[in-house]
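In case you want the letters, here they are:
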Amino acid sequence: MSLNRKEPRRALVTGATGFVGSHLARRLVDNGWCVHVLVRHPSNLASIRKFEDRVTVHRHDGSTEGMFDIVKAARPDIVFHLAAFSSVRYEPSDIVPMMQSNVIFGAQLAEAMIRHEAFRLINTGTYSQHFENKPYSPSCLYAATKQAFEDILTYYTEATPLQVITLKLFDNYGPDDPRPKILNLLHRSAKENKPLAMSPGEQYIDILYIDDIIDAYEVSAERFFSGRAEKSEVYAVSSGTPIKLKDLAKTYETVSGRKLPIQWGARPYREREAMILWDQGKPLPGWVAKTTLEEGIRKLIHS
Ligand SMILES: NC(=O)c1ccc[n+]([C@@H]2O[C@H](COP(=O)([O-])OP(=O)(O)OC[C@H]3O[C@@H](n4cnc5c(N)ncnc54)[C@H](OP(=O)(O)O)[C@@H]3O)[C@@H](O)[C@H]2O)c1
């Protein structure tokens with residue numbers, strides 16, 4: 001595959017209707033990539049509506065053959081894999097969809113990449129694979145499925161030409177975020193002046209503004225294009241400055257000038273809540289977070 005050709009770079013993005021994936025697809029489009037997005041049949045395209053006419057949308061029917069067809073049509077230089085059933089909480093009825101999204105879907109994708117000679121994959125992992133700062137300890141079933149897929153990728157990188165960079169993300173926030181994530185909850189509770197029942201708030205959070213996360217995917221893509229990437233690499237995309245939940249709320253109050261109606265201690269800590277965070281990950285060379293927490297909160301408030 002030529003890297004010096006004149007045509008635009010080609011990307012296939014999974015999870016492009018999600019928060020991080022939609023911001024990534026948008027950035028790639030804006031930077032001149034030819035972007036293909038893989039969605040499911042019921043996926044709601046609202047989050048990519050503003051640039052939907054600038055991407056090629058493929059609807060995956062869940063089958064391995066369907067995945068082969070999509071990778072063949074997209075001919076990606078790089079696959080950005082962000083699709084996931086990404087929830088710490090689950091019901092028994094979530095077991096099958098979680099395995100489907102986090103394990104089977106990924107294996108279908110890797111297999112299709114090999115078949116159609118698309119050999120560069122940027123995968124997405126999570127800090128919650130490292131409960132209590134251990135080399136591997138899943139804080140929840142979701143984290144175990146992320147590890148399962150990383151293990152599957154070890155087979156592909158050892159036995160096939162596939163190259164993988166796995167980016168392990170922590171928390172993130174930014175505009176147009178429909179997820180019930182911490183900064184959103186604080187922001188909503190401030191705007192609506194609605195009481196928010198929280199744990200005692202002594203746990204640490206490592207949180208990044210969405211633009212910095214997207215930078216990490218772009219820097220990873222450059223590692224591939226410049227030939228610097230090894231066969232398999234894993235990086236932590238961390239702010240480097242974790243903050244206690246209580247202090248995060250205080251920072252929000254200072255920046256916004258609003259008092260948060262938080263009821264500290266009204267909820268217990270979650271089972272296997274990460275009180276300390278994983279700090280043993282390798283930093284991604286050439287990437288550094290540029291947005292301070294204060295700037296990010298300001299951007300969120302004014303978005
Ligand atoms: N705190 C964090 O944000 C955090 C931390 C660590 C790691 N991560 C990882 O970062 C990635 C992006 O997270 P996010 O918060 O942006 O996720 P998100 O908003 O929950 O979006 C998940 C995306 O995955 C898609 N998806 C799920 N199962 C699929 C399947 N079987 N087939 C096709 N598409 C499927 C969803 O499509 P639909 O629109 O059809 O549902 C959606 O586009 C995920 O891999 C997540 O595990 C996130």
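Residues numbered from 1 in each chain as written. Predicted model: local features only at pLDDT ≥ 70, side-chain atom pairs only at ≥ 80, totals over all residues. Heavy atoms only, no water.

## Brief notes about the domain arrangement of the protein chain
Its domain assignment divides the protein chain into domain 1 (10-172 + 207-237) and domain 2 (175-206 + 241-272 + 291-301). Taken together, the 19 residues of domain 1 in the interface contact 16 residues of domain 2. A per-residue breakdown of the area domain 1 buries against domain 2 is headed by F19, I207 and Y209, which together make up 43% of the total. At the surface where domain 1 touches domain 2, the tally comes to zero salt bridges. In this structure, the connection of domain 1 to domain 2 is made through six residue pairs in polar contact (both at pLDDT 80 or more). Elements that contribute at least two residues to the side of domain 1 that touches domain 2 include exactly α1 (19-30), β7 (171-173), β10 (207-209) and α6 (210-225). For the side of domain 1 that touches domain 2, the residue count by class is ten nonpolar, four polar and five charged. (Domains from an automatic or database assignment. Contact = heavy atoms within 4.5 Å. Buried area = accessible area lost by both parts, 1.4 Å probe. Salt bridge = Lys/Arg side-chain N within 4 Å of Asp/Glu carboxyl O. Polar contact = N/O pair within 3.5 Å; in protein donor to acceptor, adjacent residues only side chain to side chain. Helix = DSSP H or I, 4+ residues; strand = E, 2+ residues; numbered from the N terminus. Nonpolar A, V, L, I, M, F, W, Y, C, P; charged D, E, K, R; others polar.)

## Topic: the site of the ligand
Taken together, 24 residues are adjacent to the ligand, and T17, S43, Y142, K146 and R179 come closest. Note that a nitrogen atom of the ligand is positioned 3.5 Å from one of the backbone N or O atoms of F170. Within the complex, the protein chains bury 87% of what would otherwise be the 910 Å² of accessible surface of the ligand. Counting residues per element, the ones that place at least two in the shell around the ligand are α1, α3 (95-115), β5 (120-126), α4 (141-159) and β7. With three residues, β5 is the largest single contributor of residues to the shell around the ligand. Residues of the shell around the ligand, tallied by class, amount to nine nonpolar, ten polar and five charged. (Near = heavy atom within 4 Å. Areas by Shrake-Rupley, 256 points an atom, 1.4 Å probe, with all protein chains shown as cover.)

## Description of the sheet that holds strand β3 (residues 55-60)
Overall, parallel pairing links the seven strands, which are arranged β3-β2-β1-β4-β5-β6-β11 in an open sheet. Two strands lie at the open edges of the sheet, namely β3 and β11 (232-237), each paired on one side alone. Averaged over neighbouring strand pairs, the angle between their axes works out to 20 degrees when direction is ignored. Sheet topology places strand β4 (residues 78-81) next to β5; two bridges connect them, and they run parallel. Its bridge partner being in β5, V79 is matched across the sheet by L121. Sitting on the sheet, α3 is in contact with β1 (10-14), β2 (34-40), β3, β4 and β5, with an inclination near 180 degrees to β4. Across the face of the sheet, α4 comes into contact with β4, β5, β6 (163-169) and β11 while running at roughly 155 degrees to β5. (Pairing = 2+ DSSP bridges. Axes fitted to C-alpha atoms, helices over the stretch in contact; angles between N-to-C directions.)

## Overview of α4
With 19 residues, α4 should reach 27 Å at 1.5 Å per residue; the first-to-last C-alpha distance of 27 Å fits that figure. All of the buried residues along α4 are Y142, A143, T145, K146, Q147, F149, E150, L153, Y156 and T157. Buried residues along α4 sit against β4, α3, β5, β6 and β11. (Expected span 1.5 Å × (residues − 1). Buried < 20%, exposed > 50% of the residue type's maximum accessible area, 1.4 Å probe, protein only.)

## Here we look at the confidence of the model for the protein chain
Per-residue confidence for the protein chain gives a mean pLDDT of 96; residues scoring 70 or more make up 98%. For the protein chain, the element scoring lowest by mean pLDDT is helix α5 (residues 182-192), at 91; β4 scores highest, at 99. (pLDDT = per-residue confidence, 0-100.)

## Re the side chain of T291
By the secondary structure assignment, T291 is in the loop between β13 (262-264) and α8 (293-302). Not counting chain neighbours up to four residues away, the residues in contact with T291 comprise Y209, D212 and G296.

## Some thoughts on the nonpolar core
V13, F80, L167, L186 and Y217 are the most contacted members of the largest nonpolar core, which totals 58 residues. For this core, the leading source of residues is α6, giving eight residues. Viewed by domain, this core spans two of them, domain 1 (10-172 + 207-237) and domain 2 (175-206 + 241-272 + 291-301), each represented by three or more residues. Residues contacting L186, with those up to four places away along its chain left out, are L196, M198, L248, A249, Y252, L260 and I262. Among the nonpolar cores identified, the runner-up in size contains 21 residues, and F68, A110, M113 and L153 belong to it. (Core = buried A, V, L, I, M, F, W, Y, C linked by side-chain atoms within 4.5 Å.)

## Examining a nonpolar patch on the surface
A cluster of nonpolar side chains, namely Y90, I95 and V96, defines an oily patch on the protein surface of about 270 Å² accessible area. Along the chain, the position of V96 falls in helix α3. Looking at V96, the relative accessible area reads 61%, which means it is exposed. (Patch = residues over 30% accessible without salt bridge, like charges linked within 9 Å, V, L, I, M, F, W, Y side chains within 5 Å.)

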